Every structure is written in C-alpha cells, then in structure tokens.
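# Remarks on the overall topology
Here are the chains, one letter per residue:
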Amino acid sequence: MRLRHQGHGMFVGRGLLAGVLLVGLLAVAGPTAALAQDAAPPAADRPAATKPPVDDDSAARTGWVFRITLPITDTGRVRRFVRNATDRAKADGVWPLLIFEFHVPPDQRDFARTSQFGASYELARLLSGERANQATTVAFLPESIQGHAVLAAMACQWIVMAPDAEIGQAGVHEPTITPPVFAAYREIAGRRKKIPAEVALGLLDPNREVLEVETKTSREYVTPEGLAALRDRLPV
C-alpha cells in the first residue's frame, strides 16, 4: 500500500501547491522563522510568559523548520529542538509552528528506508506527546518516504507532501511484523487521526487488505473481516 492525498486533513500538493502551502505556513509564522538543519534554536534568556499562548487564528506565531535526515536512528537532537523552540515561544508569548522536513539524501535512498523502529517510535511519541502539543507540528515530505520514518511523520498534526511524494511501505525492512509494532502504529494513528488506523496498518503490512467504504455519513477503512461489523454499525 502507498498513500497519497486521501482527504484526511492532510495538506497535500498538486503542481506547486505543496511548496506554496509550506511558504504560507512560514509566512503565518512571521519573519522569525528559521531553518534548523539538525540543530536547535537557542533558548530564550528572559523568563517565560505567565500565560502560554493558545493555538487559534488570533495568536501570533513563530516558526522553525527542522531537517530530519533519514534514516532515523536517534531522537536527541529533535528532542532538544522541540524543548528549546517551545520554551522560546512561551517566553516570547507566541504560538510555535514546528515544521519537520523528512530529508532523503539523493545518493542514499535505499539506506534512508532503514529507520530503526525503536528510534522512530520514540520520535513519534515525542512528536505526539505533551511537549509537542504545545505547538503546531507539520511533517513536510519533499519526496517519498518508506520504512519506520512513516511512523514519525504520522505523529505530526499535519502532513505536507510534494506533488510526487508518497508515503510508502512502512514495514519494508521487517521480515516479521510483531504485535508490538502493529500496536505502535495503531497508537500513533489514534493520537493524530490524520491517517486512519487501518490505513496505517496497511502501510505497515503489505499483505493486509484494507477496504475503502463509503457510508451515508462518512468514508471508512476496514479489513474484509471488519466489513460486516461496519454494516451493522453504519448504513453502507
């Protein structure tokens, strides 16, 4: 299974639209937006604001872009980046916009698919956890990704994809997909609800059949085994 835009609240581009959307996000963030290539912004020297900002249309925003070079093998630099960015934004009284660029080195495409499950799951929990929820998080995919980097991208609140980018097979290097790995993908999909859980599991296991079903009220994704239960629950 491969995933492109399916209308699940993802920003996904056609033509130059993805680039325009990313530029638009940075424009909303304001002139202090910065590119961080595996580095964290400096922490603020002044005390934190007494009341943290809220994520609404009226809140001032400050943005950073952080490049995650694949494969994912550790989370330390991203953790420091998220902590320092949210601390600085709180001190400035603004809402942080954190854009994570998933970078595939052009001469290492096969190697980039080998993100470690443990590190990717840890990163996904970080990007969907309490500290990251003090910001708006965006996964920017300028090109296709495979492997467990998919899990980390799923953990962001929004996904921006270039026109030709795809979210490919997440379990590409897993000889056997164990129950804990299935549970991790279901957990992160449930946290963000941008990619339905069954779709996430289909990305993980290419042998898993996932059906797209249009009901009278919604679009649902189920396995063939779950179709009967869906018919009992919703008019198809």
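Bear in mind that the values here come from a model prediction, so they are computed numbers and not experimental data.

## As for the confidence of the model for the protein
- Of all residues in the protein, 74% attain a pLDDT of 70 or more, and the chain-wide mean is 80.
- For the protein, the element scoring lowest by mean pLDDT is strand β1 (residues 11–12), at 35; helix α4 (residues 117–127) scores highest, at 98.
- Low pLDDT (under 50) marks residues 5–21, which in the prediction has 33 contacts with non-local residues, meaning those over four places away or in another chain.

## Notes on α4
- Along α4, the residues that are buried comprise Ala 119, Ser 120, Leu 123, Ala 124, Leu 126 and Leu 127. Projected down its long axis, α4 shows its buried positions confined to an angular sector of 160°, all on one face.
- On the buried face of α4, the contacting elements are β3 (61–69), α2 (76–92), β4 (95–103), β5 (136–141), α5 (149–154) and α6 (179–192).

## Some thoughts on the packing of aromatic side chains
- Following the criterion strictly, the structure yields four aromatic pairs and no others.
- For the pair Phe 66 and Phe 81, a centre-to-centre distance of 4.7 Å together with 35° between the ring planes defines the contact as tilted. Of the two residues, Phe 66 is situated in strand β3 and Phe 81 in helix α2; the sequence distance between them amounts to 15 residues.
- Given the relative accessible area of 0%, Phe 81 is considered buried.

## Describing the pairing of β4
- The buried count for β4 comes to nine of nine residues, which makes it a mostly enclosed element.
- Here β4 shows two buried faces, one formed by Trp 95, Leu 97, Ile 99, Glu 101 and His 103 and the other by Pro 96, Leu 98, Phe 100 and Phe 102.
- Regarding the hand of the β-α-β motif, the stretch spanning β3, α2 and β4 is right-handed.
- Bridge count for β4 against β5 is five bridges, and the pairing is parallel. Considered in β5, the bridge of Leu 97 is made with Thr 136.

About the thresholds
Residues numbered from 1 in each chain as written. Predicted model: local features only at pLDDT ≥ 70, side-chain atom pairs only at ≥ 80, totals over all residues. Heavy atoms only, no water. pLDDT = per-residue confidence, 0-100. Helix = DSSP H or I, 4+ residues; strand = E, 2+ residues; numbered from the N terminus. Contact = heavy atoms within 4.5 Å. Buried < 20%, exposed > 50% of the residue type's maximum accessible area, 1.4 Å probe, protein only. Arc of directions from axis to C-beta. Phe/Tyr/Trp six-rings, centres within 6.5 Å; stacked < 30°, edge-to-face > 60°. Right-handed = clockwise from strand over helix to strand, strands pointing away. Pairing = 2+ DSSP bridges.

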